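# Coordinates in review
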Amino acid sequence: MSAAMVRTGGILVFFLILAVLVSGIMLAGAAVGAGGRPDPAGFGAMLVLMTAVYNGVMTFVYWTTKGLFNAFSYSRADFPILTLMTALALNLLLTLLGGGNLPATGAAPAGGGGLGVLDALSFGVLLAMIAAWIWFSVAAIGFGAQVGSLLWRAIGIVYLVASGLVAIALALLVSGSGAAFGMLALLAGAVMLGGWICHGIGLIVGAKEMARI
């Protein structure tokens, strides 16, 4: 993989941050239609678009991250990265099949009790993604140690904290602690944002180092 491709991955991280902020505002607007009534169709369409953009960009970012690591003969992150890329593709597929409807996550669907098939699959993909993300975080710390990069060590640590917070928040949501889930989800989002920023910088700086090899 070329250094230019890795640099592009780093730049796209910052595009993703802007896209998530803008689409988040649009998603909130689509969630409530005229007169304060919910607009399920608009909400679903925006959620599908937001998921497609996020998953597409993050797949490219993870792919270029793998290219950067491999350029320095580091392959311990290959499996978790490929797992994350696969999980992102499955998540997008399930979102498309569900028409942008949010998973029930503990609430019985309209047609019966318990979780629906798509909800159960989405939950399974989410668990796999969290596990792979924790693995990737540890591998990123290892990459930083191998190449002597404090930045990549920091990236791994920040992602590890964020993934831990997401796992705890998910456990609280499943247990029915909605208020605690909301607070932890906001905290996890803030930590994740910091991880994204560091990740983007790491790819851009890493591309410069690749060019010198």
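Residues numbered from 1 in each chain as written. Predicted model: local features only at pLDDT ≥ 70, side-chain atom pairs only at ≥ 80, totals over all residues. Heavy atoms only, no water.

Attention shifts here to the overall build of the chain. Looking only at helices and strands, the chain has six helices and zero strands in total. The contacts in the chain between residues at least 6 apart in sequence include a share of 72% that link residues at least 24 apart. Of the roughly 10,600 Å² of accessible surface on the chain, a fraction of 75% belongs to carbon and sulfur atoms. (Helix = DSSP H or I, 4+ residues; strand = E, 2+ residues; numbered from the N terminus. Contact = heavy atoms within 4.5 Å. Areas by Shrake-Rupley, 256 points an atom, 1.4 Å probe, with all protein chains shown as cover.)

So, about a nonpolar patch on the surface. Together, Leu 90, Leu 93, Leu 97, Val 117, Leu 118 and Leu 121 make up a nonpolar patch on the protein surface, roughly 550 Å² of accessible area in all. Listing elements by their share of the nonpolar patch, those giving two or more residues are helix 3 (78-97) and helix 4 (117-147). Checked against the element boundaries, Leu 97 lands in helix 3. Residue class for Leu 97 comes out exposed when judged on its relative accessible area of 56%. (Patch = residues over 30% accessible without salt bridge, like charges linked within 9 Å, V, L, I, M, F, W, Y side chains within 5 Å. Salt bridge = Lys/Arg side-chain N within 4 Å of Asp/Glu carboxyl O. Buried < 20%, exposed > 50% of the residue type's maximum accessible area, 1.4 Å probe, protein only.)

Soluble globular proteins: nonpolar side chains tend toward being buried together. Ranked by internal contacts, the top residues of the largest apolar core, which has 41 residues, are Tyr 62, Leu 68, Phe 69, Trp 133, Phe 136, Trp 152 and Trp 196. Those residues in contact with Phe 69 that lie beyond four places of it in its chain are Tyr 74, Ala 77, Phe 136, Ala 140, Phe 143 and Trp 152. (Core = buried A, V, L, I, M, F, W, Y, C linked by side-chain atoms within 4.5 Å.)

We now examine the side chain of Thr 51. Take Thr 51: it is sitting in helix 2 (residues 40-71). Owing to a relative accessible area of 10%, Thr 51 belongs among the buried residues under this scheme. Those residues in contact with Thr 51 that lie beyond four places of it in its chain are Asn 91, Leu 92 and Thr 95.

Take unusual backbone geometry next. Although it is not a glycine, Ser 73 adopts a positive phi angle of roughly 55 degrees. By secondary structure assignment, the location of Ser 73 is in the loop between helix 2 and helix 3. A relative accessible area of 66% places Ser 73 in the exposed class.

This structure, assessed with the given rule, holds 13 aromatic pairs. Between Phe 72 and Phe 143, the ring centres sit 6.1 Å apart and the planes meet at 70 degrees, which makes this aromatic pair edge-to-face. Placement of the pair is Phe 72 in the loop between helix 2 and helix 3 and Phe 143 in helix 4, with a sequence separation of 71 residues. Ring-pair connections join several aromatic residues into one group, and the members of that group are Tyr 62, Phe 69, Phe 72, Tyr 74, Trp 133, Phe 136, Phe 143, Trp 152 and Tyr 159. (Phe/Tyr/Trp six-rings, centres within 6.5 Å; stacked < 30°, edge-to-face > 60°.)

Time to look at the packing of helix 3 against helix 4. Orientation of helix 3 relative to helix 4, taken along the N-to-C sense of each, is 155 degrees, at an axis distance of 9 Å. One element, helix 3, and the other, helix 4, form an angle in the roughly antiparallel class. Considering only the axes of helix 3 and helix 4, their crossing is left-handed. Packed against helix 3, whose contacting residues are Phe 79, Pro 80, Ile 81, Thr 83, Leu 84, Ala 87, Leu 88, Leu 90, Asn 91, Leu 94 and Leu 97, the element helix 4 presents Leu 118, Leu 121, Ser 122, Val 125, Met 129, Ala 132, Trp 133, Trp 135 and Phe 136 at the interface. Residues of the contact of helix 3 with helix 4, tallied by class, amount to 17 nonpolar, three polar and no charged. (Axes fitted to C-alpha atoms, helices over the stretch in contact; angles between N-to-C directions. Parallel < 35°, antiparallel > 145°, perpendicular 65-115°, else oblique. Left-handed = near helix turned anticlockwise from the far one by under 90°. Nonpolar A, V, L, I, M, F, W, Y, C, P; charged D, E, K, R; others polar.)

Another aspect to go through is the confidence of the model for the chain. For the chain, mean pLDDT is 83; residues scoring 70 or higher make up 82% of the total. Here residues 102-114 scores under 50 on pLDDT; set against residues more than four positions off or in separate chains, the count is 15 contacts. (pLDDT = per-residue confidence, 0-100.)

Attention now goes to the pattern of salt bridges. For the structure on display, the rule yields one salt bridge. Taking the shortest distance from any N to any O, the salt bridge between Arg 212 and Glu 209 comes out at 3.2 Å. Of the two residues, Arg 212 and Glu 209 both sit in helix 6 (residues 178-212), three residues apart, roughly one turn of that helix. On the accessibility criterion, Arg 212 (65% relative accessible area) is exposed. Judged by relative accessible area, which is 34%, Glu 209 ranks as partly exposed.

Here the focus is the environment of Gly 206. As for its placement among the helices and strands, Gly 206 is situated in helix 6. Sequence-distant contacts of Gly 206, that is, excluding residues within four places in its chain, are made with Leu 68 and Phe 72.

It is worth spelling out the side chain of Ser 137 at this point. Within the element layout of this structure, Ser 137 appears in helix 4. A distance of 3.4 Å separates a polar side-chain atom of Ser 137 from the backbone nitrogen of Leu 160. Not counting chain neighbours up to four residues away, the residues in contact with Ser 137 comprise Gly 156, Tyr 159, Leu 160 and Ser 163. (Polar contact = N/O pair within 3.5 Å; in protein donor to acceptor, adjacent residues only side chain to side chain.)

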